[in-house]
Amino acid sequence: KSAVMMALVNPNAGGLLVSGEKGSGKSTLGRAARELTDMPWVEVPVSVTEDRLFGSIDAEAAVRLGKRKLQPGLLDEADGGIMYIDDANLLREDILSSVLGVREAGGYRLERDGLSEQCDTKYTVLAVMTPESGTLGASALDRFGMFVSIDDEPDEEARMEIMQRVLSYEKNGEAFRREWLEETGKLKKQIEDARALLPEVEASDAMIRLAAVYTLKANVAGHRADIYMIEAARAIAALAGRTYILP
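Attention here is on the structure that accompanies the text. Per-chain numbering applies: the sequence of each chain, read as written, is numbered from 1 onward. Thresholds applied to this predicted model are a pLDDT of at least 70 for local features of residues and 80 or more for the giving and counting of side-chain atom pairs; totals over whole chains, interfaces and linings are not thresholded and use all residues. Note that the side-chain values use all heavy atoms of the structure and ignore hydrogens as well as water.

Concerning the pairing of strand S7 (residues 115-120)
This is how the line gets drawn: Strand pairing is assigned whenever DSSP detects at least two bridges linking the two strands. The helix and strand labels rest on DSSP assignments: H or I over at least four residues marks a helix, E over at least two residues marks a strand, and numbering proceeds from the N terminus.
Pairing analysis gives six bridges linking strand S6 (residues 107-112) to S7, with the strands arranged antiparallel. In the sheet register, Leu110 faces S7, and the bridge partner there is Glu117. Hairpin connection, S6 to S7: the antiparallel pair is bridged by two residues, and Asp113 has positive phi, about 50 degrees.

Thoughts on the packing of aromatic side chains
Any two aromatic rings considered together are summarised by their centre-to-centre distance and by the angle between their planes. Selection rule: Any Phe, Tyr or Trp ring, taking Trp's six-membered ring, that has another such ring centre within 6.5 Å forms a pair; planes under 30 degrees apart are called stacked, those over 60 apart edge-to-face, and the others tilted. Whether a residue is buried, partly exposed or exposed follows from its accessible area with a 1.4 Å probe, protein chains only, as a fraction of its type maximum: under 20%, in between, or over 50%, in that order.
Throughout the structure, instances matching the rule amount to four aromatic pairs. Judged by centre distance (5.7 Å) and plane angle (20 degrees), the rings of Trp41 and Tyr84 are stacked. You can see Trp41 sitting in strand S2 (residues 41-44) and its partner Tyr84 sitting in strand S5 (residues 82-85), a full 43 residues away along the chain. Ring geometry for Tyr169 versus Phe176: centroids 5.7 Å apart, planes at 85 degrees, classification edge-to-face. For Phe176, a relative accessible area of 17% translates into the label buried.

Here we look at the sheet that holds S5
Basically, it comes down to this: Comment: axis = line fitted to C-alpha atoms, over the contacting stretch for helices; angle = value between 0 and 180 degrees taken between N-to-C directions.
Sheet architecture is open: five strands sit in the order S2-S5-S8-S1-S9, paired in parallel fashion. Both edges of this open sheet fall to S2 and strand S9 (146-150), since each of them pairs with a single strand only. Taking each pair of neighbouring strands and ignoring which way they run, the sheet shows an average axis angle of 15 degrees. One ladder, built from four bridges, connects S5 with strand S8 (residues 124-129); its direction is parallel.

A few points about the environment of Arg177
Relative to the assigned elements, Arg177 resides in helix H9 (residues 173-179). You can call Arg177 partly exposed: its relative accessible area is 41%. Sequence separation of Arg177 and Gly106 is 71 residues, and the distance between their C-alpha atoms is 35 Å.

Observations regarding the pattern of salt bridges
Condition: Counted as salt bridges are all cases of a side-chain nitrogen of Lys or Arg within 4 Å of a carboxyl oxygen of Asp or Glu.
Following the criterion strictly, the structure yields 15 salt bridges and no others. A salt bridge links Arg92 to Glu50, with the shortest nitrogen-to-oxygen separation between them at 3.2 Å. One end of the pair, Arg92, is in the loop between S5 and helix H6 (93-105); the other, Glu50, is in helix H3 (residues 50-54), and 42 residues separate them in sequence. With a relative accessible area of 41%, Arg92 lands in the partly exposed category. Here Glu50 falls in the partly exposed class, since its relative accessible area comes to 39%. Linking Glu104 and Arg143 is a salt bridge whose minimum nitrogen-to-oxygen distance equals 3.8 Å. Remark: Arg143 occurs in the loop between helix H7 (138-142) and S9 and Glu104 occurs in helix H6; sequence separation between them is 39 residues.

Some words on the side chain of Thr124
Convention followed: Two residues qualify as a contact provided that any one of their heavy atoms is within 4.5 Å of a heavy atom in the partner residue.
For Thr124, the position within the fold is in strand S8. A relative accessible area of 4% means that Thr124 is categorised as buried. Contact partners of Thr124, with chain neighbours within four places excluded, come to Ala7, Pro11, Gly15, Gly81, Ile82 and Met83.

Right, dumping it as structure tokens:
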């Protein structure tokens, strides 16, 4: 939950990839994030085509107006919001690479049948995957700022609580939502306040140096990890109502 909230607060934190076995609740966790924000929410199906993702010629406008016009796709629709991917490891590698690449670049150029248009878009990628269905390449993993692995719950009381909540939801979904409406509202308000505070959160030279030390000790390649670490720390600070980063 903390990682999801961090991702919703700071789009520069590199998004979030949640990995877990079947039935671990990772998809439920991912989709539940939609309740915590009013930002645009776009889901990318595993079967998505390049035209649907990037955009294509607007056939309706062509028939109605007799003019060729470009119609942006899911990447454009996600501008300022969340792009959710279920079973990210089953998505075509080139498609996933494009989603992550456009997020980093902040836009793309759409070209179809002689027409060209620059589409600026900025979004946060929230994705889940099941390891037994396949892994992601090193290039894709490197572009996610945060990674969380969900393990089976070993505590008996916690497993009972999970079952009770699932049974309660299945019995009456609306009543279940009303029961948790106040708590959901508090989390949503916390995220909204944190997003508003985020521009004021500064990273001191000491914290930047500490991030560099950690990444060097971890022998990471490139500089993405350093930057994502600082941006994630800024999100944590904003959620805590602070304008400074703590170790």
